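Examining the three-dimensional arrangement
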Amino acid sequence: MRWTTFAAAAAFLAAPATAQVGMKELRAEQAAVPAPTLTERYGTDDLRMGELRLPAGKGPFPVAILIHGGCWTASFDTYRGTTPLAEALRRRGIAVWNVEYRRVGDPGAGWPGTFEDVAAAVDHLPKLAKRHPLDLKRVTIVGHSAGAHLALWAASRAKLPAPFAGKAVRPVSVVAIDGPGALAPFVGIDAQVCGTPVIVPLMGGTPAEKPAAYRIASPADHLPLGMTQLLVEAELGGFMKPYEAAARKAGDRIEVLEPAGANHFDIITPGSPNGRAVADWIAAKAF
């Protein structure tokens, strides 16, 4: 299937200039987020850790596993970029496991390390549930930008071969916020969006050189996922449309939110109308 379109490419190319409108507000909210319930490693170092935020009350609480974006690259963003959304979901009664993972530029990142980290972060949830009131029957995986791709990938793990396969956590939904569902179509566009090539460094080669790795790494190749998929489409929405259509055709339940006038960052800034709408939508639809 051909995943790239001119409109999709144009949407990606437009993103960096307009997205800065929401970045200042996001950083201001990030600075004001209260401390999490706990910070814990799921791996051997602080590149493999996460923050757990628990709502008030006894629980057990539904859980959102939250994966930040940043062009899969260490020099872009960290889990702190999604702390405002994490706190907004917590206030809506959802426990949030907001995770960090190795990205290009970190030792051991790329293929397969970045994907192994995401899998390990998801599989750490049952360990947290032994000590905290988490409802493992109500789990969603939420990702923004590059994290949207990784969230969709994590949701596809029941269909993947070892060592990526995983059944310890069975999400009931996945939320992809303005990010791609396949990697190969992003090669070439990525340098203009991110300022440097990121997909080939992430995967350790081109799609032609590593077709099996790209196939495992691309959620679009594992449809149907067999769960509700909530897609938030903003500046990168044109690039998400082919994935949306393929998921519908495969028989997955798809719901789409397209906030009016949204940019790439106001949709994860809960103090903005669009960010608030996204948080409300996740709380209402994900479980």
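Everything numeric here is computed off the predicted structure, so don't read it as measured data.

Conventions used here
- Residues numbered from 1 in each chain as written.
- Predicted model: local features only at pLDDT ≥ 70, side-chain atom pairs only at ≥ 80, totals over all residues.
- Heavy atoms only, no water.
- Helix = DSSP H or I, 4+ residues; strand = E, 2+ residues; numbered from the N terminus.
- Rg over C-alpha atoms; globule rule 2.2 N^0.38 Å.
- Contact = heavy atoms within 4.5 Å.
- Areas by Shrake-Rupley, 256 points an atom, 1.4 Å probe, with all protein chains shown as cover.
- Lys, Arg positive; Asp, Glu negative; His and termini not counted.
- Charge placed at Lys NZ, Arg CZ, Asp CG, Glu CD.
- pLDDT = per-residue confidence, 0-100.
- Core = buried A, V, L, I, M, F, W, Y, C linked by side-chain atoms within 4.5 Å.
- Buried < 20%, exposed > 50% of the residue type's maximum accessible area, 1.4 Å probe, protein only.
- Expected span 1.5 Å × (residues − 1).
- Phe/Tyr/Trp six-rings, centres within 6.5 Å; stacked < 30°, edge-to-face > 60°.
- Lys NZ or Arg CZ within 6 Å of the ring centre and 35° of its normal.
- Pairing = 2+ DSSP bridges.
- Axes fitted to C-alpha atoms, helices over the stretch in contact; angles between N-to-C directions.

**Thoughts on the overall build of the protein**
A tally of helices and strands in the protein yields 10 helices and 8 strands. In summary, the protein has a C-alpha radius of gyration of 17 Å against a globular reference of 19 Å for 287 residues, a match within 12%. Once the C-alpha set of the protein is aligned to its principal axes, its extents read approximately 50 × 40 × 40 Å. In the protein, once contacts between residues fewer than 6 apart in sequence are set aside, the share between residues at least 24 apart is 74%. Entry remark: accessible area of the protein is about 11,100 Å², with carbon and sulfur atoms responsible for 56%. Averaging the positions of the 30 positive and the 26 negative side-chain charges in the protein gives two centres separated by 7 Å.

**A closer look at unusual backbone geometry**
Pro-60 follows Gly-59 through a cis peptide bond whose omega is 5 degrees. Checked against the element boundaries, Pro-60 lands in the loop between β2 (49-53) and β3 (61-67). Leu-223 connects to Pro-224 through a cis peptide bond whose omega is 0 degrees. For Pro-224, the location among the structural elements is in the loop between α8 (211-217) and β7 (228-232). A positive phi angle, close to 60 degrees, is found at Trp-72, a residue other than glycine. Secondary-structure assignment places Trp-72 in the loop between β3 and α2 (83-91). In this structure, Asp-178 takes a positive phi of about 55 degrees despite not being glycine. Turning to its location among the elements, Asp-178 is positioned in the loop between β6 (173-177) and α6 (189-194).

**Looking at the environment of Phe-76**
By the secondary structure assignment, Phe-76 is in the loop between β3 and α2. As a C-alpha pair, Phe-76 and Leu-183 span 107 residues in sequence and 18 Å in three-dimensional space. Aside from chain neighbours lying at most four places away, what touches Phe-76 is Gly-70, Cys-71 and Cys-194.

**Observations regarding the confidence of the model for the protein**
Confidence along the protein averages 91 in pLDDT terms, with 93% of residues attaining 70 or more. Counted against residues more than four places away or in other chains, residues 1-19, with its pLDDT under 50, gives 33 contacts.

**Topic: the nonpolar core**
Most often, soluble globular proteins have nonpolar side chains that are buried together. The biggest cluster of nonpolar side chains holds 63 residues, and the ones touching the most others in it are Trp-72, Trp-97, Phe-115, Leu-125, Trp-153, Leu-183 and Met-203. Residue contributions to this core peak at 8 residues, all from helix α5 (residues 146-155). Contacts of Met-203, omitting those with residues within four sequence positions, involve Trp-111, Phe-115, Leu-183, Lys-210, Ala-213, Tyr-214 and Ala-217. Core analysis: the second largest hydrophobic core is formed by 25 residues, Met-23, Leu-26, Val-175 and Ile-268 among them.

**A few points about helix α9 (residues 237-250)**
The end-to-end C-alpha distance of α9 is 20 Å, a good match for the 20 Å that 14 residues give at a rise of 1.5 Å each. Listed in full, the buried residues belonging to α9 are Gly-237, Phe-239, Met-240, Pro-242, Tyr-243, Glu-244, Ala-246 and Ala-247.

**With respect to the packing of aromatic side chains**
Scanning the model with the defined rule gives 6 aromatic pairs in all. Each ring, one from Trp-153 and one from Phe-164, has its centre 6.0 Å from the other, and the planes form 80 degrees; the classification is edge-to-face. Placement of Trp-153 in helix α5 and of Phe-164 in the loop between α5 and β6 is noted, with a sequence separation of 11 residues between them. Taken individually, Trp-153 and Phe-164 each receive the classification buried, so the pair is uniform in this respect. Aromatic side chains Phe-186 and Phe-239 sit 6.0 Å apart centroid to centroid with 55 degrees between the ring planes, which places their arrangement in the tilted category. Here Phe-186, found in the loop between β6 and α6, pairs with Phe-239, found in helix α9; they are 53 residues apart in sequence, far enough to count as distant. Of the residues examined, Phe-186 reaches a relative accessible area of 2% and is grouped as buried. Members of the aromatic cluster, joined through ring pairs, are Trp-111, Phe-115, Trp-153 and Phe-164. The ring of Tyr-101 carries Arg-103 above its face, with NZ or CZ at 5.9 Å from the centroid.

**What about the sheet that holds β6?**
Taken together, the 8 strands give an open sheet; going across it, the order is β1-β2-β4-β3-β5-β6-β7-β8, and neighbouring strands pair in mixed fashion. Single-partner strands in this sheet number two, and they are β1 (38-41) and β8 (254-257). Ignoring which end each strand starts from, the neighbouring axes of this sheet average 20 degrees apart. Bridging between β2 and strand β4 (residues 95-99) involves 4 bridges; their strand directions are antiparallel. Across the sheet, residue Leu-52 finds its bridge partner in β4, namely Trp-97.

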